[in-house]
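Geometric and topological summary
Each chain is listed here by its residues.
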Amino acid sequence: MVLTTKPSTDERIVTAAMSLFLRYSYSRVTVDDIVRELAMSKKTIYNHFPNKSAILLACIDSFVRTFRQQAEAILGNTELSLREKLSQYLRHIGLSFTRVSPEFMQDIRRSEPQAWERLCTYRRDVVLRHLSTLMDEGVAAGYIRDEASRHLAILAYIGAMEQLDDPDFVAQFPAAFVQSVPAQIQERADQLIKLLLY
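I will try to describe carefully the structure that is included in this document. Numbering of residues starts from 1 in each chain and follows the order in which that chain's sequence is written. It should be noted that, the model being predicted, local features are given only for residues of pLDDT at least 70 and side-chain atom pairs only at 80 or more, the latter also being counted only at that level, while totals for whole chains, interfaces and linings use all residues. To obtain the side-chain values, all non-hydrogen atoms of the structure were included, while hydrogens and water were left out.

Quick notes on the packing of aromatic side chains
To pair, rings of Phe, Tyr and Trp, with the six-membered ring standing in for Trp, must have centres within 6.5 Å; the planes then decide the type, stacked if under 30 degrees apart, edge-to-face if over 60, and tilted in the middle. Within this structure, the stated rule accounts for two aromatic pairs. A centroid spacing of 5.0 Å and a plane angle of 70° characterise the contact between Phe21 and Tyr26, whose relative ring orientation is edge-to-face. For the pair shown, Phe21 and Tyr26 are each scored as buried. Aromatic side chains Phe67 and Tyr89 sit 6.3 Å apart centroid to centroid with 65° between the ring planes, which places their arrangement in the edge-to-face category. Of the two residues, Phe67 is situated in helix α4 (residues 52–75) and Tyr89 in helix α5 (residues 82–98); the sequence distance between them amounts to 22 residues. Only when the NZ atom of a Lys or the CZ atom of an Arg is both within 6 Å of the ring centre and within 35 degrees of the ring normal do we say a charge sits over the ring. Seen from the ring of Tyr26, Lys52 lies directly overhead, with NZ or CZ sitting 4.1 Å from the centre. The rule is simple: take the accessible area with a 1.4 Å probe, protein chains only, and divide by the maximum for that residue type; under 20% is buried, over 50% is exposed, in between is partly exposed. Each helix corresponds to a stretch of at least 4 residues labelled H or I by DSSP, and each strand to a stretch of at least 2 residues labelled E; elements are numbered beginning at the N terminus.

Some words on unusual backbone geometry
A positive phi angle is found at Ser25, which is not glycine, with a value near 85°. If you trace the backbone, Ser25 turns up in the loop between α1 (9–24) and α2 (31–38). The class for Ser25 is buried, based on a relative accessible area of 14%. With phi around 50°, Ala39 is a residue other than glycine that occupies positive phi space. As for its placement among the helices and strands, Ala39 is situated in the loop between α2 and α3 (42–48). Classification of Ala39 as exposed rests on a relative accessible area of 75%.

Now the structure itself:
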């Protein structure tokens, strides 16, 4: 018999809030909406989180925790070649962020600077650590020639992914140029890794 652990109240609030934030965008969701979604009293929610901003920060922490666990399972799989690990890891990035719309990201950036900064820091630091691990394997396998190439590849990948999420950056380029760039994160990741390793 498999025992399942019942989600804690914190987890239930975070799961429901994240679903609402992604569906309607953060600014359009109120604590009352979360209360209705959970059929839970407002007092119970405020016993666990002081405000909507704190709920958002907990959502980001939960998202990153899940992302990291799944990513580390890929990186630790000794049956995969380096290219297979890269492919699966980048696909994992794509699938993880596909449901997060650019509108949601811009909403957070505008309305919750602390949460935006935390998300950017997590994305940079977690992806940096994972890509460093993969690039170390690339150096050992002879795909990447030296330490300088390794660092450049990591910076190029992270920088490109972050800049392509920034509409102000993208708006600087001609429309015809921008239209050739894939809209989906997963497709961008696939093309970037081909540029870096193939």
